[in-house]
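# A look at the structure
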Amino acid sequence: MPILGQNQYGKAENRVVRITRDGATHHIKDLNVSVSLSGDMDEVHLSGSNANVLPTDTTKNTVYAFAKEHGIESAEQFGIHLARHFVTSQPAIHRVRIRIEEYSWERIEHSGKGAHSFVRSGQETRLAQITYDGSAWEVVSGLKDLTLMNSTDSEFWGYVKDKYTTLPEAHDRILATDVSGRWRFNWTDDEAPMPVWDESYAQVKQHMLQAFAETYSLSLQQTLYAMGARIIDHRSEIDEVRFSLPNKHHFLVDLAPFGLKNDNEVYFAADRPYGLIEATVLRDGVEARIPADLTNL
């Protein structure tokens, strides 16, 4: 006999741009918001009854209405407003998950009047996931597509070699990656002080960059751990960090056929295949909750 298992529904990828007009100076928040609801939803699957179903069109409308009513202070705060609303306003909804991508814009400085011109910032996409069940919160922030490179201070040697190994040892190489990272906050209770979300994000990113730049790397694994450990050491509001780091290989080009010596100057940037290094760094005594596969987060 078939039995209905876990289920959820909602409106995915609601694109909302909120302009805050402070006189002639404008501010932009540009989000992609996905709402997922779960609770007493068996009958809509088993009998087709929509008695407990809040239409996904309503969740879309709520996103836009809340952008007006509450503004968008941060991706995390906006997600918290939405999650609290859906759980507390609908008896059949017991758990909400809000996923948000935030796209950054930088102000264009110019000699004209007003401060309302922007250029899309291409560094990374900011991420947030907020989950609420009516009593406890889980907030996971992160980023993706942050491209980093060290042009030296990286080696890779002393590894296992078998009959299929052809990779030469490297004592001075380029280390490059596209960072995909998530970090989980230890704030779970409305009674506790809430983190300052934008400040926390900026500080986490800065520690990540500093660790990448300051670590003399013998492996991308070592660099990954240094990045996560620095965040845990410096940000008390965070208990868990997970990274997925592709190794963006740069291979020295053989210029000998042209009578030229390549003294670590000319490289071929390979896009695939690539090494993929993934790991979690935890505060001592804390259990991991971020999924090993970040594509499922």
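Residues numbered from 1 in each chain as written. Predicted model: local features only at pLDDT ≥ 70, side-chain atom pairs only at ≥ 80, totals over all residues. Heavy atoms only, no water.

All right, on to the overall build of the protein chain then. From N to C terminus, the protein chain includes five helices and 12 strands. When the backbone C-alpha atoms are referred to their principal axes, the protein chain occupies close to 75 × 70 × 35 Å. Taking as baseline every contact in the protein chain between residues at least 6 positions apart, the subset at least 24 positions apart corresponds to 66%. For the protein chain, the accessible surface area stands at approximately 16500 Å², while carbon and sulfur atoms represent 50% of it. For the protein chain, the separation between the mean place of its 30 positive charges and that of its 42 negative charges on side chains is 5 Å. (Helix = DSSP H or I, 4+ residues; strand = E, 2+ residues; numbered from the N terminus. Contact = heavy atoms within 4.5 Å. Areas by Shrake-Rupley, 256 points an atom, 1.4 Å probe, with all protein chains shown as cover. Lys, Arg positive; Asp, Glu negative; His and termini not counted. Charge placed at Lys NZ, Arg CZ, Asp CG, Glu CD.)

With the rule as written, the count across this model stands at 18 salt bridges. The residue D198 makes a salt bridge to R126 at a minimum N-O spacing of 2.9 Å. Of this pair, D198 sits in helix α4 (residues 197-214) while R126 is found in strand β6 (residues 125-132), placing the two residues 72 residues apart along the sequence. R126 sits in the buried class, given a relative accessible area of 7%. E169 is the partner of K161 in a salt bridge, and the nearest nitrogen-oxygen pair spans 2.8 Å. One connected set of salt bridges, linked through shared partners, spans K29, E76, E102, R126 and D198. (Salt bridge = Lys/Arg side-chain N within 4 Å of Asp/Glu carboxyl O. Buried < 20%, exposed > 50% of the residue type's maximum accessible area, 1.4 Å probe, protein only.)

Turning our eyes to something else, we now look at the environment of A51. Note that A51 resides in the loop between α1 (42-46) and α2 (56-69). A C-alpha to C-alpha distance of 44 Å links A51 and V281, two positions 230 residues apart in sequence.

To continue, consider the packing of α4 against helix α5 (residues 220-234). Running from N to C, α4 and α5 cross one another at 140°; their axes reach a closest spacing of 8 Å. In this view, α4 runs oblique relative to α5, as classed from their interaxial angle. Like other packed secondary-structure pairs, α4 and α5 cross with a definite hand, here right-handed. Here α4 contributes V204, H207, M208, Q210, A211, F212 and E214 to the contact with α5, which in turn contributes T223, A226, M227, R230, I231 and H234. (Axes fitted to C-alpha atoms, helices over the stretch in contact; angles between N-to-C directions. Parallel < 35°, antiparallel > 145°, perpendicular 65-115°, else oblique. Left-handed = near helix turned anticlockwise from the far one by under 90°.)

Another point: the nonpolar core. In terms of nonpolar packing, the biggest core is built from 54 residues, with V33, F78, I98, V179, W183, M208 and F243 touching the most fellow members. Here the element with the most residues in this core is helix α3 (residues 75-89); it accounts for seven residues. (Core = buried A, V, L, I, M, F, W, Y, C linked by side-chain atoms within 4.5 Å.)

The next point concerns the sheet that holds strand β2 (residues 25-39). With antiparallel pairing, eight strands are arranged side by side in an open sheet as β1-β2-β3-β6-β7-β8-β9-β12. Every other strand in the sheet has two partners, leaving β1 (14-22) and β12 (275-282) as the edge strands with one partner each. In this sheet, adjacent strand axes meet at a mean angle of 20° when their direction is disregarded. In the sheet, β2 pairs with strand β3 (residues 93-103) via 10 bridges, with the strands oriented antiparallel. Within β3, the residue paired with S34 across the bridge is R99. (Pairing = 2+ DSSP bridges.)

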